[in-house]
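Remarks on the overall topology
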Amino acid sequence: MTTAKAQEVRKILEVKRKELMAGSSDRDEILIENAAEEFDRLQQQLNREVAIRNLDRESKLLKDVQAAINRMDDESFGICLRCDEEIPEKRLKALPWAAYCVSCQETVDRQRAAGEPVDDEGDSVELAAA
Ligand SMILES: [Zn+2]
């Protein structure tokens, strides 16, 4: 990847990170309010569950984005974490925070779905580091 392209991708990642860190209005839904009506209560519970799921997804994505930025800093960006091959530029364009090439991603997804431990170094990422 050329320096110019890398800069471009970094920008995308940083914008995405900012967006995720700014959080969403979903957070408000997690507050439990006292609803007089049963229907409202159920509706709020549902909203809350959706909001929590969204937050889960967002915090996972934020972790992926931060990890990608970290990989740019240590110049391992664009290299599959699993097989050490270059991740195709086309894939990085679509998914700049991709940590794996397509075939490794499939393997990892399968392992995750099966509940197997996946060595993706994800836990070593410090969100506060940058
Ligand atoms: Zn790979």
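Residues numbered from 1 in each chain as written. Predicted model: local features only at pLDDT ≥ 70, side-chain atom pairs only at ≥ 80, totals over all residues. Heavy atoms only, no water.

**A few points about the coordination of the zinc ion**
In the first shell of the zinc ion, the protein supplies C80 (SG), C83 (SG), C101 (SG) and C104 (SG), at 2.3 Å from the metal. Along the chain, the residues donating to the zinc ion fall in the pattern C-x2-C-x17-C-x2-C. Taken together, the residues C83 in the loop between helix 3 (38-73) and helix 4 (89-94) and C101 in the loop between helix 4 and helix 5 (102-113) connect sequence positions 18 residues apart. Residue class for C83 comes out partly exposed when judged on its relative accessible area of 32%. (Donors = N, O, S within 2.8 Å, 3.2 Å for Na, K, Ca; no water. Helix = DSSP H or I, 4+ residues; strand = E, 2+ residues; numbered from the N terminus. Buried < 20%, exposed > 50% of the residue type's maximum accessible area, 1.4 Å probe, protein only.)

**Regarding the packing of helix 1 (residues 3-22) against helix 3**
Relative to each other, helix 1 and helix 3 sit at 150 degrees, their axes nearing to 9 Å. When the axis of helix 1 is compared with that of helix 3, the two are roughly antiparallel. Relative to helix 3, the crossing made by helix 1 is left-handed. Counting all contacts with helix 1, which are made through A6, V9, R10, L13, E14, K16, R17, L20 and M21, the residues of helix 3 involved are E58, L61, L62, V65, Q66, A68, I69, M72 and D73. A class-by-class count of the residues in the contact of helix 1 with helix 3 yields 11 nonpolar, 1 polar and 6 charged. (Axes fitted to C-alpha atoms, helices over the stretch in contact; angles between N-to-C directions. Parallel < 35°, antiparallel > 145°, perpendicular 65-115°, else oblique. Left-handed = near helix turned anticlockwise from the far one by under 90°. Contact = heavy atoms within 4.5 Å. Nonpolar A, V, L, I, M, F, W, Y, C, P; charged D, E, K, R; others polar.)

**A few points about the confidence of the model for the protein chain**
Overall, the prediction assigns the protein chain a mean pLDDT of 84, with 81% of residues at 70 or greater. Ranking the elements of the protein chain by mean pLDDT puts helix 2 (residues 26-29) last with 61 and helix 5 first with 94. Low pLDDT, under 50, characterises residues 122-130; the stretch is placed with 13 contacts to residues that sit more than four places away or in other chains. (pLDDT = per-residue confidence, 0-100.)

**Regarding the pattern of salt bridges**
What the rule picks out here adds up to 6 salt bridges. Across the salt bridge formed by E38 and R41, the nearest N and O atoms sit 3.2 Å from each other. One end of the pair, E38, and the other, R41, are both in helix 3, 3 residues apart, so they sit about a helical turn from each other. Its relative accessible area of 39% is what places R41 among the partly exposed residues. When salt bridges that share partners are traced, they join R10, E14 and D73 into one network. (Salt bridge = Lys/Arg side-chain N within 4 Å of Asp/Glu carboxyl O.)

**Some thoughts on the environment of C80**
As for its placement among the helices and strands, C80 is situated in the loop between helix 3 and helix 4. Here the alpha-carbon distance between C80 and C101, two residues 21 residues apart in the chain, equals 5.5 Å. If we ignore the near neighbours within four places in the chain, the residues touching C80 are E85, I87, A99, Y100, C101 and C104.

**Focus: helix 1**
Helical geometry note: an α-helix holds 3.6 residues per turn, so side chains three or four residues apart project in the same direction. Between its first and last C-alpha, helix 1 extends 28 Å over 20 residues, near the 28 Å set by a 1.5 Å rise per residue. Those residues of helix 1 that are buried are in contact with helix 3. Two residues or fewer after helix 1 comes G23, characterised by a positive phi angle close to 75 degrees. (Expected span 1.5 Å × (residues − 1).)

**Points about the nonpolar core**
Within the largest apolar cluster, 19 residues are counted, with the highest numbers of intra-cluster contacts made by L13, V65, F77, C80 and Y100. Among the elements of the structure, helix 1, helix 3 and helix 5 are those that each provide at least two residues to this core. Per element, the largest residue contribution to this core is 5 residues, and it comes from helix 3. Not counting residues up to four positions away in its chain, the partners in contact with V65 are L13, K16, R17, L20 and W97. (Core = buried A, V, L, I, M, F, W, Y, C linked by side-chain atoms within 4.5 Å.)

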